[in-house]
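The chain contents come next:
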Amino acid sequence: TILYATGKWFYTGLSFNEAIDPDSRLFECQQIILDFLKALPNANEVVFKANNTNGLNSIPYSMGEVKLEYKTHFTELLKKSKVLILDTPATTFVEASSTTIPIFILGGRSNYIDKVKKLMSKRAVFCETTSELIIKLEAFFKTGLYEADVNDSSYNELYGSGEFQSKEIVKNILKALN
């Protein structure tokens, strides 16, 4: 099973973020990724996991052969999956990175701190654009090429430790004061 887990909609009429409109970005990347997945050979079951936030998780288009999942918990779906695609990595990445499932991440929804992105990239294939993501997925499905380490746990080791957060908070406060 190929599991594609998506983020939530913000439903903002006017974006509060100058860099990106999160809903437009999400809609566009979902369309491209789903079109790619729909074109894969039928031997691949594809599950599209909607976000678990009621009211912010409607899916406005036809899924074709892709199974749309609202109710099953993400961690339950992970158990049956051979590969994971995340367009909005957050808690889903923390949960998935504790497995040995190959993970492909599309960045761009948030500006990640460099250290966080580097740690995530050790465990997952982190792509900045949808086109880069599709290229990496094509290579993976054709040749098995996975440019990360499914056994790397460095992100999870720092995630809940407080060590990373404390250092980054001090650094960001000092940066803001200067």
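Look above for the structure.
Figured I'd write up the structure that's included with this text. (Residues numbered from 1 in each chain as written. Predicted model: local features only at pLDDT ≥ 70, side-chain atom pairs only at ≥ 80, totals over all residues. Heavy atoms only, no water.)

Observations regarding the pattern of salt bridges
Working step 1: According to the stated counting rule, one finds four salt bridges in the structure shown.
Working step 2: With its nearest N and O atoms 3.0 Å apart, the salt bridge here joins K79 to E76. On the criterion of helical spacing, the pair formed by K79 and E76 is a turn pair, its members being three residues apart in helix 2 (residues 74–79).
Working step 3: Given a relative accessible area of 64%, K79 falls into the exposed group.
Working step 4: By relative accessible area, which is 37% here, E76 ends up partly exposed.
Working step 5: Of the charged contacts in the structure, one is a salt bridge between K136 and E147, with a shortest N-O distance of 2.6 Å. You can see K136 sitting in helix 5 (residues 130–143) and its partner E147 sitting in the loop between helix 5 and helix 6 (154–159), a full 11 residues away along the chain.
Working step 6: Taking relative accessible area as the criterion, K136 reaches 22% and is therefore assigned partly exposed. (Salt bridge = Lys/Arg side-chain N within 4 Å of Asp/Glu carboxyl O. Helix = DSSP H or I, 4+ residues; strand = E, 2+ residues; numbered from the N terminus. Buried < 20%, exposed > 50% of the residue type's maximum accessible area, 1.4 Å probe, protein only.)

Considerations on helix 5
Working step 1: With 14 residues, helix 5 extends 20 Å from end C-alpha to end C-alpha; this agrees with the ideal 20 Å at 1.5 Å per step.
Working step 2: Within the span of helix 5, buried status applies to T130, L133, I134, L137 and F140. Buried residues of helix 5, seen end-on, are gathered within an arc of 125° and therefore sit on one face of the element. The outward face of helix 5, more than 90 degrees from its buried face, is lined by the exposed residues S131, I135, K142 and T143. (Expected span 1.5 Å × (residues − 1). Arc of directions from axis to C-beta.)

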